[in-house]
Amino acid sequence: MSSIFNPRVSASINALADLKLPKDLHISPDGSKVVYALDSFSRKDKYAVSSLWIAEVGKNHSARQITSGLFRDEKPRWSPDGQSIAFLSNRAKKGESAIYMLSIGGFSEAYPVAKVVKGVKEFEWSGDGRFIAFVSADGSEEIDETGENEPIVFGGEDKSGNNQRLHVVDVERGIIHTLTPLEENVDLFSWSPKALELAYTVPSPGSESQISGTQINIVSADSGPSRSFISTKGPITSLVWSQPDKLHFIARQTPPYTKLSVYEARIKSKQYGSYFGWDGEAVSLHRARDSVIAHVRNHSHEALHALGVDSQSWPFPSFYQSEYEITSLDAFRKSASDDFTLVLARSSPQVANEVWSVTVKKSGYALVKLSSHNSSFDGFRSKRISATGPDGWECDGWLFSPKPVTIPRRLPPTVVLLQSHPALLSFSMGPHLDVAHLTAAGYAVLCPNLRRTTGDIGEQYTDVLAILRKAVSKNLVDESRVTISGWSDGGFLSSLAVIRNDFSFQAVVCGGGIVDWGFVDANSDPFWPSPDIPSLFEDGDRSPAWETLAEKTRKTPLLILHGREDDEVPVSGPLAFWREKQRWNGPVQMVLYPKEKHVIRDRKHLIDLWTRVLQFYDKRLV
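Residues numbered from 1 in each chain as written. Predicted model: local features only at pLDDT ≥ 70, side-chain atom pairs only at ≥ 80, totals over all residues. Heavy atoms only, no water.

## What to know about the environment of Ala471
Note on placement: Ala471 falls in helix α3 (residues 457-473). Relative accessible area serves as the criterion here: at 0%, Ala471 is assigned to the buried category. Residues Ala471 and Trp398, spaced 73 residues apart in sequence, show a C-alpha to C-alpha distance of 9.9 Å. (Helix = DSSP H or I, 4+ residues; strand = E, 2+ residues; numbered from the N terminus. Buried < 20%, exposed > 50% of the residue type's maximum accessible area, 1.4 Å probe, protein only.)

Here it is, written out as structure tokens:
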């Protein structure tokens with residue numbers, strides 16, 4: 001029977017659409033509790049909703065809900081005395097977030113801290129609990145809630161009307177002071193651990209954007225004038241004022257800006273430098289008393305490094321590692337101790353997204369599962385596969401298999417899933433839970449780890465084929481029942497299977513796929529080196545490069561999926577690919593999802609996408 005008509009598969013698809021994702025974890029000042037927001041993987045309406053939860057650190061399945069889930073409540077932060085929680089919510093106005101306060105231990109309702117003109121995106125308590133700093137834009141309070149009738153302005157001489165400004169609100173009196181001038185566009189900020197001062201980032205003077213660098217300024221919360229601290233050559237992605245004379249931030253290294261690294265700056269001397277001796281890319285920074293936890297993502301694991309601990313010395317080795325992807329975390333350092341308590345949001349192939357606490361000591365660490373949001377999912381099996389490419393490159397990947405209900409008579413059909421970047425193990429492999437919904441339908445999924453390369457994209461495609469052939473040689477994959485799929489630049493790779501005859505794929509899915517790399521590169525991160533990747537268009541006359549290959553290629557069935565409002569990979573490229581593929585008289589279908597951007601998140605559209613992909617595969621493989 002076709003997988004899509006299996007009632008068990010249909011129920012699984014609906015359950016996956018409602019998968020719960022913990023985020024915004026924050027440990028209480030005494031380290032005993034953690035508060036976090038719980039999001040859904042998909043959204044049922046234009047405005048997604050989320051609820052707040054509290055769990056006791058170190059206690060199994062102790063999570064309990066504290067807000068209704070009727071609004072978008074997110075980014076909860078404990079007050080320094082641990083008596084209340086501030087959070088962002090759109091309960092007053094859809095599409096706009098304001099700061100709300102909720103007392104813990106009583107039966108009081110959440111109330112707004114102050115009337116904010118426009119939506120708040122970030123906020124932070126001062127160390128003494130008197131103030132909350134936040135960033136929001138100035139402007140009229142009369143805003144079109146749908147956002148559909150608002151003009152969108154890019155560039156120009158006068159951009160100050162859209163600038164984000166730094167404000168502080170007196171929590172007790174509700175009085176707001178604006179600390180930065182109209183011409184400054186504030187991005188990140190952090191309170192001093194001892195004084196009523198804030199460090200904040202703005203684009204370097206004279207730059208249209210952060211392409212020319214970032215400046216860190218320091219300002220008094222008593223509305224004193226700001227002073228320039230230091231400038232960097234690239235954007236800053238995380239900022240923490242950790243000790244009175246130390247400030248940590250994440251930025252790209254000097255040209256060619258290939259790596260996000262952790263930097264330490266000294267307030268008095270105005271000097272800064274990066275931490276060397278680590279592999280991987282820095283993801284985030286988290287203050288834990290007078291130290292900082294650096295979250296660094298490596299090719300094969302996540303690593304946490306403690307900075308500012310007297311008993312440790314440079315290059316500060318990791319004190320905790322995880323082979324699974326960590327999507328959110330916070331840390332607590334015990335008083336007069338080098339022991340840490342961590343709370344993590346993570347998953348594994350066998351366990352869907354949950355919240356865990358970790359007590360880290362010199363003797364080791366213990367992991368405790370605090371939540372049970374997604375206990376109904378069974379997960380899937382995984383096996384690592386390594387291979388050597390034709391150029392000698394050692395490549396690897398993961399083969400995920402469904403848990404068999406009965407002893408299988410033959411190997412399941414296999415989908416080769418191409419990820420944008422090397423992916424750590426998790427339940428959420430792929431932008432649309434691809435592994436979870438495919439294995440639930442009885443498919444095996446092969447996920448090659450693609451090398452990060454600035455050379456020919458053919459190197460990555462060759463790696464994919466090397467891993468696939470290794471899996472076939474080990475009798476893990478049925479060579480006659482293999483398809484290939486990818487999203488974004490993975491979609492570009494999967495589209496190569498249409499115009500190349502290196503392997504007999506039975507079908508191809510190209511989702512959010514890049515076709516014209518030159519056009520996408522114009523919209524990409526200017527701090528990442530441009531890859532020397534051939535477009536599917538020839539230079540000069542812009543005629544499609546695949547025209548000359550049309551007579552030689554197999555008529556491989558192709559399904560193209562794309563968000564209609566995709567602003568990362570404009571839909572014009574995939575449309576051209578679809579039209580050209582039609583000229584080959586090969587089977588091709590294109591589906592555009594209205595009001596969706598680069599990743600599909602509307603619940604109805606997600607279920608349509610999953611169902612359509614399974615029908616496409618079932619017709620050719622089952």
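## Considerations on the sheet that holds strand β35 (residues 558-563)
The eight strands are arranged β29-β30-β32-β31-β33-β34-β35-β36 in an open sheet whose pairing can be described as mixed. Edge positions in the sheet fall to β29 (381-388) and β36 (588-593), since each has one partner strand and no second. Averaged over all pairs of adjacent strands, the angle between strand axes in this sheet comes to 20 degrees, irrespective of strand direction. In terms of strand pairing, strand β33 (residues 482-487) meets strand β34 (residues 508-511) through four bridges, oriented parallel. Among the inter-strand pairings, Ser485 is bridged to a residue of β34, identified as Val509. With respect to the sheet, α3 is in contact with β29, β30 (394-401), β31 (414-418), β32 (444-448) and β33, its orientation differing from that of β29 by roughly 115 degrees. (Pairing = 2+ DSSP bridges. Axes fitted to C-alpha atoms, helices over the stretch in contact; angles between N-to-C directions. Contact = heavy atoms within 4.5 Å.)

## Examining the side chain of Ser485
Looking at the element boundaries, Ser485 is found in strand β33. Its relative accessible area of 10% is what places Ser485 among the buried residues. Not counting the four nearest positions on each side in its chain, Ser485 is found in contact with Val415, Val416, Leu417, Leu418, Ser494, Val509 and Tyr617.

## A few points about the pattern of salt bridges
Applying the stated criterion to the full structure yields 21 salt bridges. Put simply, Arg603 and Asp18 hold a salt bridge, and the shortest N to O gap is 2.9 Å. Here Arg603 is found in helix α7 (residues 603-621), whereas its partner Asp18 is found in the loop between α1 (7-17) and β1 (20-27), with 585 residues between them in sequence. Relative accessible area serves as the criterion here: at 28%, Asp18 is assigned to the partly exposed category. A salt bridge links Asp396 to Arg384, with the shortest nitrogen-to-oxygen separation between them at 2.5 Å. Here Arg384 lies in strand β29 and Asp396 lies in strand β30, a separation of twelve residues in the sequence. On the basis of relative accessibility, which here comes to 40%, the residue Arg384 falls in the partly exposed class. What emerges from the salt-bridge pattern is a single network uniting Lys23, Asp39, Arg72 and Glu74. (Salt bridge = Lys/Arg side-chain N within 4 Å of Asp/Glu carboxyl O.)

## Comments concerning the nonpolar core
Counting residues in each nonpolar core, the largest one holds 43 residues, and the members touching the most others are Phe400, Leu561, Trp610 and Tyr617. Among the secondary structure elements, those contributing two or more residues to this core are α1, β30, β31, α2 (434-440), β32, β35, β36 and α7. With residues near it in sequence (within four places) discarded, Tyr617 still touches Val415, Leu438, Tyr443, Thr483, Ile484, Ser485, Val509 and Val622. Core analysis: the second largest hydrophobic core is formed by 38 residues, Leu468, Leu493, Phe503 and Val508 among them. (Core = buried A, V, L, I, M, F, W, Y, C linked by side-chain atoms within 4.5 Å.)

## Quick notes on the sheet that holds strand β3 (residues 50-56)
Spatially, β1-β2-β3-β4 is the arrangement adopted by the four strands of the open sheet, whose pairing is antiparallel. In the strand order of this sheet, the two ends are held by β1 and β4 (64-65), each with one partner.

## A closer look at the environment of Gly513
Following the sequence through the fold, Gly513 ends up in the loop between β34 and α5 (517-521). The exposure class of Gly513 is buried, given its relative accessible area of 2%. Separated by 27 residues in sequence, Gly513 and Gly486 place their C-alpha atoms 7.7 Å apart. Excluding its chain neighbours within four sequence positions, the residues that come into contact with Gly513 are Ser488, Gly491, Phe492, His562, Val569 and Pro574.

## Thoughts on unusual backbone geometry
Notably, Lys270 is not glycine yet its phi reads approximately 55 degrees, a positive angle. Examined against the element boundaries, Lys270 turns out to sit in the loop between β19 (260-266) and β20 (271-274). Its identity as a non-glycine residue notwithstanding, Lys595 has a phi of 60 degrees, on the positive side.

## Notes on the confidence of the model for the chain
When pLDDT is averaged along the chain, the result is 84, and 82% of the positions lie at 70 or above. Contacts from residues 139-147, a stretch scored under 50 in pLDDT, to residues over four places away or in other chains number 18 contacts. Throughout residues 528-552 the model reports pLDDT below 50, and contacts reaching past four residues in sequence, or to other chains, amount to 56 contacts. (pLDDT = per-residue confidence, 0-100.)

## Considering helix α4 (residues 489-499)
Along α4, ten of the eleven residues are buried, which leaves the element largely enclosed by surrounding structure. When α4 is considered as a whole, its buried residues turn out to be Gly490, Gly491, Phe492, Leu493, Ser494, Ser495, Leu496, Ala497, Val498 and Ile499.

## With respect to the packing of aromatic side chains
For any two aromatic rings, the description comes down to two numbers: the centre-to-centre distance and the angle of the planes. Counting across every chain of the model gives 13 aromatic pairs. Geometrically, the ring pair formed by Phe249 and Tyr263 is stacked, given 5.2 Å between the ring centres and 5 degrees between the ring planes. With Phe249 in strand β18 (residues 246-252) and Tyr263 in strand β19, the pair connects residues that are 14 residues apart, well separated along the chain. Each member of the pair, Phe249 together with Tyr263, is buried. Taking the centre distance of 5.5 Å and the plane angle of 85 degrees together, the rings of Phe380 and Phe400 count as edge-to-face. A residue pair is termed long-range when its members are at least 10 positions apart, and Phe380 in the loop between β28 (364-369) and β29 and Phe400 in strand β30 qualify at 20 residues. Classification of Phe380 by relative accessible area gives buried; the value is 1%. (Phe/Tyr/Trp six-rings, centres within 6.5 Å; stacked < 30°, edge-to-face > 60°.)

## As for α3
End to end, α3 covers 25 Å across 17 residues, agreeing with the expected 24 Å (1.5 Å per residue, within 8%). Along α3, the residues classified as buried are Ile457, Gly458, Gln460, Tyr461, Asp463, Val464, Leu465, Ala466, Ile467, Leu468 and Ala471. Looking at the buried positions of α3, the neighbouring elements they touch are β29, β30, β31, β32, β33 and α4. Directly beyond the C-terminal end of α3, a positive phi value near 60 degrees is found at Asn475. (Expected span 1.5 Å × (residues − 1).)

## Some details on the side chain of Arg481
Mapping Arg481 onto the fold places it in the loop between α3 and β33. Within the local environment of Arg481, its side chain forms a polar contact with the backbone oxygen of Leu411, the two atoms lying 2.4 Å apart. Ignoring any residue separated from it by four or fewer positions in sequence, one finds Arg481 in contact with Arg410, Leu411, Pro412, Pro413, Thr414, Gln506, Leu621 and Val622. (Polar contact = N/O pair within 3.5 Å; in protein donor to acceptor, adjacent residues only side chain to side chain.)

## As for the pairing of strand β25 (residues 326-333)
Counting buried positions over the eight residues of β25 gives seven, a clear majority of the element. Linkage of β25 to strand β26 (residues 340-346), two consecutive antiparallel strands, is achieved through a turn of six residues, within which Ala336 is found at a positive phi near 50 degrees.

## Quick look at the pairing of strand β7 (residues 96-103)
The side chains of a regular strand alternate between both faces of the sheet. Most of β7 sits inside the fold, with seven of its eight residues counted as buried. The antiparallel hairpin formed by strand β6 (residues 84-93) and β7 contains two residues in its connecting segment, where Gly95 sits at a positive phi of about 85 degrees. With two bridges connecting them, β7 and strand β8 (residues 111-112) associate as antiparallel partners. If you follow Tyr100 over to β8, its bridge partner there is Pro112.

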